[in-house]
Amino acid sequence: MDKEKFGNGEKPLNRKEQWLQIIKEHFAEIISVSLYTFLFFIPLFAWILFAFNFEIFQGASILNVLVLYLGVALTLTIGGLGFAGGFYVFRKFLWNEGCNVHLDFFKGIKKNGKEFIKIYLFIGITYMLLHLGSASIMATSWSDISVILLIAFEYVVFILVLLVAFFMQTQTIFYENSFMLSLKNGVKFLVGTILKSLGLFVLLFLPFILFEFVPISAVKIVAIILSAFIYLGMLELTFICYSLALFDQHINKKQYPEYYLKGLNNDEKVDI
């Protein structure tokens, strides 16, 4: 009896194998998804370029910080639409469904765009509060070590919120959850996989880390270029593979048996 096929090869046994096969067999599609996703982040980068070079925003006042990062929060919601399309494309790849990137990307936006706007507004407001808090702390007369520790704590909290938000996004792609249920489940997944998820954060969000912490224009430009051509697509593929492995084990097996191991050989073993 012939084995089921996945792309040009045999249907994979687990999500890791599936991740590798998608990279090998659909690398051009990954680049296409990355470029499509990046298009929706152009307003964000345009706002940052304008605001950081406009004299009125150069002061260190709380009002300047508020206006600057409120603009970031609002334009980030547009970027969220790109992730709605990208994650939807990779959901179809993972479930071994037929996929036309150029059509399904925009179908994903139409299907999930409203929920992704909410999620990215949540991320944007959290990011704005991070910088408002940092500006307030730096305006105090506290010791340097106290300032550094408090700002570092703020970034740790933001990173945890960002990971929860990404689990919310991948839940939105597979299930019809409310915002609050996705948030609650996202916290549970983060707590249950904290070390593995933080390690994944360092790998997947490296361009963000470079853009946020390295004050060298050339590094920021390289991070943006890499994001456009490959990084965003790889981030979406990798995180949705990771999420689906968790969902298969903790949600699909009991609650959605029709989704369990969908796109894989029907093996009871789930590798994460």
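Here, the structure is the one placed above.
No experiment lies behind these values; they were computed from the predicted model shown.

S.K.: It is not clear to me how the overall build of the protein chain should be interpreted in this structure. Could you clarify?
M.R.: For the protein chain, the count of helices and strands is 10 helices and 2 strands. For 272 residues, the compact-globule estimate of 2.2 N^0.38 gives 19 Å, and the C-alpha radius of gyration of the protein chain, at 20 Å, lies within 12% of that figure. If you line up the protein chain on its principal axes, its C-alpha atoms span 75 × 35 × 30 Å. Across the 272 residues in the protein chain, those meeting the buried criterion constitute 50%. Here the analysis covers contacts within the protein chain between residues at least 6 apart in sequence; of these, 72% occur between residues at least 24 apart. Roughly 14000 Å² of accessible area belongs to the protein chain as shown, and the carbon and sulfur atoms make up 69% of that amount.

S.K.: Would you mind going over the packing of aromatic side chains with me for this structure?
M.R.: Any two aromatic rings considered together are summarised by their centre-to-centre distance and by the angle between their planes. This model, assessed by the stated rule, comprises 35 aromatic pairs. On the basis of an interplanar angle of 55 degrees and a centroid distance of 4.9 Å, the ring pair of Y155 and F213 is categorised as tilted. One end of the pair, Y155, is in helix α6 (residues 144-174); the other, F213, is in helix α9 (residues 206-213), and 58 residues separate them in sequence. Residue Y155 is classed as buried on the basis of its relative accessible area, which comes to 14%. Its relative accessible area of 47% is what places F213 among the partly exposed residues. Their ring planes at 50 degrees and their centres at 6.2 Å tell us that F174 and Y175 sit as a pair that is tilted.

S.K.: What should I look at first to understand the pattern of salt bridges in this one?
M.R.: Pairs can form between side chains of opposite charge once their charged atoms are near each other. Scanning the model with the defined rule gives 6 salt bridges in all. When the shortest N-O distance is used, the salt bridge between E97 and K92 registers 3.6 Å. Residue class for E97 comes out partly exposed when judged on its relative accessible area of 25%. Here K92 falls in the buried class, since its relative accessible area comes to 11%. E115 serves as the salt-bridge partner of K118, at 3.3 Å between the closest nitrogen and oxygen. With a gap of 3 residues between them, K118 and E115 both fall in helix α5 (residues 101-138), about one helical turn apart. A residue is classified by how much of its surface remains accessible, and K118, at 42% relative accessible area, is partly exposed. Each of R91, K92, E97 and K262 takes part in a single network of salt bridges with overlapping partners.

S.K.: What is the right way to read the state of the cysteines from this model?
M.R.: In the structure shown here, the tally under the stated rule is 0 disulfides. Left unpaired, C99 is separated from the closest cysteine sulfur, that of C241, by 14 Å. In this structure C99 comes out as partly exposed when scored by relative accessible area, which is 28%.

Rules behind the numbers
Residues numbered from 1 in each chain as written. Predicted model: local features only at pLDDT ≥ 70, side-chain atom pairs only at ≥ 80, totals over all residues. Heavy atoms only, no water. Helix = DSSP H or I, 4+ residues; strand = E, 2+ residues; numbered from the N terminus. Rg over C-alpha atoms; globule rule 2.2 N^0.38 Å. Buried < 20%, exposed > 50% of the residue type's maximum accessible area, 1.4 Å probe, protein only. Contact = heavy atoms within 4.5 Å. Areas by Shrake-Rupley, 256 points an atom, 1.4 Å probe, with all protein chains shown as cover. Phe/Tyr/Trp six-rings, centres within 6.5 Å; stacked < 30°, edge-to-face > 60°. Salt bridge = Lys/Arg side-chain N within 4 Å of Asp/Glu carboxyl O. Disulfide = S-S within 2.5 Å.

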